[in-house]
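One-letter residues, chain by chain:
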Amino acid sequence: MSADPGASPTVAAGDIARLAGVGRAAVSNWRRRFTDFPEPVGGSAASPLYRLDEVERWLTAHERLATVPPVERAWQALRAGASDLDLGSAVAATGAVLLGRDESRLAPDVRDLLLLAAEDDGPDVVHEFVVGQYLGALSRRLAVVPEELATAMATVAVVVGGGVLDPACGTGGLLRAAVRAGADLALGQERDPVAAEIAAHRVGLAPRADGDVAVGDALREDAWNGRLVDAVVSVPPVADRNWGFEELAGDPRWLFGLPPKLESELAWVQHCLAHVAPGGRVVVQLPSGVAFRRSGRRIRNELLRAGALDAVVGLPRDGALPTDVWVLHRPEPGSGPPQHLLIALATAVEDLPAIWRRHRDGAPAGEGARAVPILDLLDDEVDLSPERHVRLEPDLPDVAAADARFRAALAALPRAPRLKAAGDRSAHAVTTIGDLVKAGVVSVHQGPIRHDEATSPRASVPVLTVHDVHARRGPTGRTAATTPGHVPLRPGDVVVPLPAARGAGAVVVAEGGAVLGPRTQLLRTDPDRLDPHYLAGLLWAAAAGETRTTGRSDVRRLVVPVPPMERQREIGSAFRTLAELETALREVRESGEALVRGAVQGLGAGTLEASG
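Below is a short write-up of the structure. (Residues numbered from 1 in each chain as written. Predicted model: local features only at pLDDT ≥ 70, side-chain atom pairs only at ≥ 80, totals over all residues. Heavy atoms only, no water.)

### Observations concerning the overall build of the chain
Going by this rule: Under the DSSP-based scheme used, a helix requires at least four consecutive residues in state H or I and a strand at least two consecutive residues in state E, with every element numbered from the N terminus. Partly exposed residues are those whose accessible area sits between 20% and 50% of the maximum for their type, while under 20% is buried and over 50% is exposed, using a 1.4 Å probe and protein chains only. Here, residues are in contact when the closest pair of their heavy atoms is within 4.5 Å. Only the protein chains shown count as cover for residues, and all accessible areas are computed by the Shrake-Rupley method using a 1.4 Å probe.
Secondary structure summary: the chain contains 20 helices and 21 strands in total. With respect to the three principal axes, the spread of C-alpha positions in the chain is 90 × 80 × 45 Å. Counting the 612 residues in the chain, one finds 48% classified as buried. Relative to all contacts within the chain whose residues are 6 or more apart in sequence, the contacts with residues 24 or more apart total 70%. Carbon and sulfur atoms make up 52% of the accessible area of the chain, which amounts to about 29,300 Å² in all.

Put into structure tokens, the structure is as follows:
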């Protein structure tokens, strides 16, 4: 979105889709099919812009304007009032408003929407939503630590109830993860003033935590000079050749050697170690080259000899630059150096905490990890790269188990319902979901924007996720009972995914006790007037493109034949059997593919042989 003083804000197709609760493809269809759809007022042929007020009037007239939660409306208004260059400052201003400060950078309507949303969801949740939308909108321009990595690093580093520092914190993702992991003090520093302000507000709004974020270059102007914390987590700048080599040559932080001019990452490592108390832990993500480049071998040698380096864990490759996570600690006076260094290759980022715990607790290192004697590493190269010391064995499936699963899936295939050509369908009344809603036969409910993290200790309520709906299975998510906006599920509720996907079916809830997940929609019927399995089947047919409808993405306009209840239940039973058959066929396909894959790998590796 962009703003034009004196005129209505403009919106792009993606913004219209969010306002209507549909996918972008639906907006493209509306542009082609409806002659009264608003005309573009700017943008380009590939990405036109429309006046927001005209779009809202059109959506309202066509009964397509979704019930937009205040937090989404606040984001829409914020995005509409700021260019891409000013958006970061506007997002930073939202944090100030939610912290109760006067803020002139935001229009009054945006401030009011933010405070209204905060009454429903809480200031922290609202701010995290706005920041998440901002990071997603400008993901190509911003360096963002993925949430899974931030969580894994914080889990390894943080002492519950302790303090944590990130000296290159960006917008504060690692600091937020550290607070979730149990830190009650979060300090940061960031060169970019806008990113630093966003990070400071994320810390300030985080529940049960205190802290602050300073602006500046931590290597040249250390805002926390002399401050010691329990842990440091960081993803420092990569390949920064202007980090201050000449002016910082005699800096007291270089206890393990002057960092080479082309090894800024080793300057950051030592900066981090200078900020932890004796015994405190440092967890940093570094380019894989730091583990073996010749220019840094002296510092690697000194870190090993001092016992400051505990682990080097290679992460799964994500993008062009392979990376490792280094785990270090500040040696305590009189402590002897460890005898081994953990070197590992993680097959998933989420495995990092488990790999570390096994090493910390003295348990066997496990697959893909080795406790390498430090004396073996103190050679001319001091090569700590995981690929040199660890080899991941191919994960060969258990072919016997795969064969048993495949045969069981075949035996469990249900019989397809007996079908015949239908008679005259014109005798049945025809209506729409929207009319059934007005008549009180159906009620429509939307899933919340987000839930508390599934890793939260308060996450005790089952959640039917959008992935569960696609897979036609029971709830696999979890959330906290205190999360606002819960929509409890009842037996017989019909749940569909949002945005609609071609071929996606609907789930009829069998048992209560769970709640509706984000990106889902619930249709609750009066079972004496509309059979839920019949309705779910019609939604399934609409998604498959076989029912005349204006689109499953606009569920209220779905055309619904309404035969007598006895006939509805017969058709609903057939739909139910077909859904069970589809699920069973998926299991046959997946188990069969696993069997073939395992057999091929086993024959190729020599662990299997043909028996004739």
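From this point on, the discussion continues.
### With respect to the sheet that holds strand S1 (residues 10-11)
Definition in use: Pairing between two strands is assigned when DSSP locates at least 2 bridges connecting them. Every axis corresponds to a line fitted to the C-alpha atoms, with the helix fit spanning only the stretch in contact, and the corresponding angles, defined between N-to-C directions, vary from 0 to 180 degrees.
Spatial strand order, S1-S3-S2: three strands in an open sheet with antiparallel pairing. Each edge of the open sheet carries a strand with a single partner, namely S1 and strand S2 (42-43). In this fold helix H3 (residues 52-61) packs onto S1 and strand S3 (48-51), with an angle of close to 75° to the strand it touches most, S3.

### Focus: a negative patch on the surface
Put simply, the rule is: Patches in this entry comprise residues that are over 30% relatively accessible and not in a salt bridge; like charges within 9 Å are linked, as are nonpolar side chains (Val, Leu, Ile, Met, Phe, Trp, Tyr) within 5 Å. Any carboxyl oxygen of Asp or Glu within 4 Å of a side-chain nitrogen of Lys or Arg constitutes a salt bridge here. The charge count treats Lys and Arg as positive and Asp and Glu as negative. His and the chain ends do not count. All charge positions are set by atom: Lys at NZ, Arg at CZ, Asp at CG, Glu at CD.
Where like charges cluster on the molecular surface, the negative patch consists of Asp 184, Asp 210, Asp 212 and Asp 230. Residue class for Asp 230 comes out partly exposed when judged on its relative accessible area of 34%.

### Looking at the packing of helix H4 (residues 70-80) against helix H5 (residues 84-98)
Test applied: Put simply, angles under 35 degrees are roughly parallel, angles over 145 are roughly antiparallel, angles from 65 to 115 are roughly perpendicular, and the rest are oblique. Less than a right angle of anticlockwise turn of the near helix away from the far helix marks a crossing as left-handed, whereas a clockwise turn marks it as right-handed. Under the scheme applied here, ten amino acids are nonpolar (Ala, Val, Leu, Ile, Met, Phe, Trp, Tyr, Cys and Pro), four are charged (Asp, Glu, Lys and Arg), and all others, including Gly, are polar.
The interhelical angle for the contact between H4 and H5, taken along N-to-C directions, is 140°, at an axis separation of 9 Å. Considered as vectors, H4 and H5 are oriented oblique to each other. The two elements H4 and H5 meet at a crossing, and its hand is right-handed. Within the contact between the two elements, H4 uses Trp 75, Leu 78 and Arg 79 and H5 uses Asp 84, Leu 87, Ala 90, Val 91 and Thr 94. Residues belonging to the contact of H4 with H5 are distributed by class as follows: five nonpolar, one polar and two charged.

### So, the sheet that holds strand S20 (residues 520-525)
A sheet is described by the order of its strands in space; here four strands give the open sequence S14-S20-S17-S18, paired in antiparallel fashion. At either end of the open sheet lies a strand with only one pairing partner, and these are strand S14 (442-446) and strand S18 (507-508). Pairing of strand S17 (residues 494-497) with S18, which is carried by two bridges, proceeds in the antiparallel orientation. Within S18, the residue paired with Val 494 across the bridge is Val 508.

### Some details on the side chain of His 389
Mapped onto the elements, His 389 comes out in helix H15 (residues 386-389). Classification of His 389 as buried rests on a relative accessible area of 15%. With sequence-adjacent residues up to four places away left out, His 389 is seen in contact with Ile 343, Arg 370, Val 372, Leu 377, Asp 383 and Leu 384.

### Examining the pairing of strand S7 (residues 229-234)
Most of S7 is tucked away: five of the six residues are buried. Strand direction decides the pairing type here: strand S4 (residues 163-166) and S7, joined by two bridges, are parallel. What sits directly across from Val 164, in S7, is Ala 231. Relative to strand S8 (residues 276-287), S7 is paired through five bridges, and the arrangement is parallel. If you follow Ala 231 over to S8, its bridge partner there is Arg 281.

### Quick look at the packing of helix H7 (residues 123-137) against helix H10 (residues 193-205)
Running from N to C, H7 and H10 cross one another at 150°; their axes reach a closest spacing of 9 Å. Relative to H10, H7 is oriented roughly antiparallel. When the axes of H7 and H10 are compared, the crossing they make is left-handed. Listed contacts from H10 to Pro 123, Asp 124, His 127, Glu 128, Val 131 and Tyr 134 of H7 are Ile 198, His 201, Arg 202 and Leu 205. Taken together, the residues of the contact of H7 with H10 sort by class into five nonpolar, two polar and three charged.

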